[in-house]
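Tertiary structure, described
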Amino acid sequence: MFTHADRASDAALVEGLALGDHPAAAAFVRRFQGAVFGLAVSITRDPNLAEDVSQEVFLRAWRAARTYDPRRASALTWLLTITRNAAIDAVRVRRNTPTDDEALERLIHDSLRAPDPAMSTLHRVEAERAIERLRALSPDQARAVVLAVLGGCTAAQVSEYENIPLGTAKTRIRAGLQRLRGLMSSEEHHD
Amino acid sequence: MTEQHPTEDMLIDLALGDSAEPDHDALVEHLTGCASCRDTYDVAARTIDQSLPAAPVLQPRPGFDQTVLTALGITPDPEASAAPARRRGAHDGADGRVRRTGILVAAVILGVLIGAGSVAAWNQPWNGHGPDQPTASMPGAALTTADDEVVGMAAVSYVGDQRVVVVAAGGGIEGTSYECRLRLADGSAVTLGEWPVPDDGAMWVMPAPAAPAVSVELVADDGTVWSTATLDTDS
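This structure is a prediction, so every number in the text was calculated from the model and none was measured.

Contacts between chain A and chain B engage 56 residues on the former and 47 residues on the latter. Three residues, His22(A), Arg30(A) and Gln33(A), lead the burial of chain A against chain B; their summed loss comes to 17% of the area buried on that side. Summed over the shared surface of chain A and chain B, the number is 6 salt bridges. With its nearest N and O atoms 2.7 Å apart, the salt bridge here joins Glu188(A) to Arg46(B). In this structure, the connection of chain A to chain B is made through 16 residue pairs in polar contact (both at pLDDT 80 or more). Sorting elements by how many residues they give to the side of chain A that touches chain B places helix 2 (residues 22–44) of chain A first, with 13 residues. Here the side of chain A that touches chain B is composed, by residue class, of 30 nonpolar, 13 polar and 13 charged.

Rendered as structure tokens:
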């Protein structure tokens, strides 16, 4: 289990970032750049664009750091939410995302396996919980949710990629998210 | 006349960023005045957000952190950055003999480990106790600084079926943590761990991905690559 000190440590770095403190800002970027860049690549499927997105994410985080509330979300989740929005914005501007079947299959596989053991304790716990919840879904639901949430695919793209009707793709995404929500509620009760 | 509420699928589409104009603006406007739909949207958005840590972690190119800090206009405080430099100077001077001894000890330990097998602890300084015996698949490569000073060694090895990277190093700056990055052949990098490097040397054994690797880098707190070991091309 992660400790409050772990979360406080992340929050302190966010505070340091807000103040423009170089050591804190440098530590913040280095601590989170792998997670940010990883999600950006998952959505853009383009390392060059993902790097631009990642820079934009840290810029947005710096601007929003004063409003960050650690009671609402961990720093990792907060930053990844910014990342997802920025990556989807970038893909939308470009108006096309490479339909790389191999990359999408790799994303599904990597998102459902154990997290990198080299991650910090808090981040690994968050990743493990998210992965365990995804694994609790039916395989079809898990694939649809990973493609939509972590791959930034639209329901139409999920439908095309999975070769299923659009309505089925939406049902799998909706049912998967509902199941995830139920699992999150159970975790909150146990915490 | 009652107002038409959006379907749950429409709210999920919005939370996923999958709603186009003109539906998008109409939905946002509806949410500002409908607490029930707002709750449904918030639950979907929170569920999505809390699933994001499942995404694979991937390190950007070296120097990315410095590029970001420069873009933010956050630069080191000259007085603060002078302190480590002075420590490094003292370190290399009067205490140089001690540090070289430490590096030598670490390198010898690595040599013994690779040559004959030994014991190691996961992801922490080698302490002479542990259940597993790494078996080297390649000779150790010297960890050298930009000034061509050897500060340790690194090697790819195996513990059973688990591929690992073994690093032995010494002479780090006191109070500084070093991120250990494995640079892969495709140009990406994976963080294996982060720890201080004690003056008298220590060893770490860290699980590593199966992908071909080209180098091991120890990166200081300020983002500079302190030392690099270029691995054999078969790694």
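After presenting the structure, the write-up continues.
This next bit is on the environment of Phe28(A). Residue and element names in this part refer to chain A. By the secondary structure assignment, phenylalanine 28 is in helix 2. Taking relative accessible area as the criterion, phenylalanine 28 reaches 0% and is therefore assigned buried. For the pair phenylalanine 28 and valine 14, spaced 14 residues apart in sequence, the C-alpha separation works out to 7.0 Å. Sequence-distant contacts of phenylalanine 28, defined by excluding residues within four places in its chain, comprise Leu13, Val14, Leu17, Phe58, Trp78 and Leu79.

Turning to the packing of aromatic side chains, a few remarks are in order. In total, this model carries 5 aromatic pairs over all chains according to the counting rule given. When the centroid spacing of 6.0 Å and the interplanar angle of 85° are considered together, the rings of Phe28(A) and Phe58(A) count as edge-to-face. Of this pair, Phe28(A) sits in helix 2 while Phe58(A) sits in helix 3 (residues 47–64), and the two are 30 residues apart along the sequence. The two residues Phe28(A) and Phe58(A) agree in class, both being buried. Here Tyr68(A) and Trp78(A) contribute two aromatic rings whose centre-to-centre distance is 4.9 Å and whose plane-to-plane angle is 45°, an arrangement assigned as tilted. Of this pair, Tyr68(A) sits in the loop between helix 3 and helix 4 (75–94) while Trp78(A) sits in helix 4, placing them 10 residues apart in sequence. Neither residue differs from the other here; Tyr68(A) and Trp78(A) are each classed as buried. By the ring-pair criterion, three or more aromatic residues cluster together here, those being Phe28(A), Phe32(A), Phe58(A) and Phe64(B).

Procedures and definitions
Residues numbered from 1 in each chain as written. Chains lettered and ligands numbered in written order. Predicted model: local features only at pLDDT ≥ 70, side-chain atom pairs only at ≥ 80, totals over all residues. Heavy atoms only, no water. Contact = heavy atoms within 4.5 Å. Buried area = accessible area lost by both parts, 1.4 Å probe. Salt bridge = Lys/Arg side-chain N within 4 Å of Asp/Glu carboxyl O. Polar contact = N/O pair within 3.5 Å; in protein donor to acceptor, adjacent residues only side chain to side chain. Helix = DSSP H or I, 4+ residues; strand = E, 2+ residues; numbered from the N terminus. Nonpolar A, V, L, I, M, F, W, Y, C, P; charged D, E, K, R; others polar. Buried < 20%, exposed > 50% of the residue type's maximum accessible area, 1.4 Å probe, protein only. Phe/Tyr/Trp six-rings, centres within 6.5 Å; stacked < 30°, edge-to-face > 60°.

Such coordinate-based values are descriptive only and should not be taken to indicate function.
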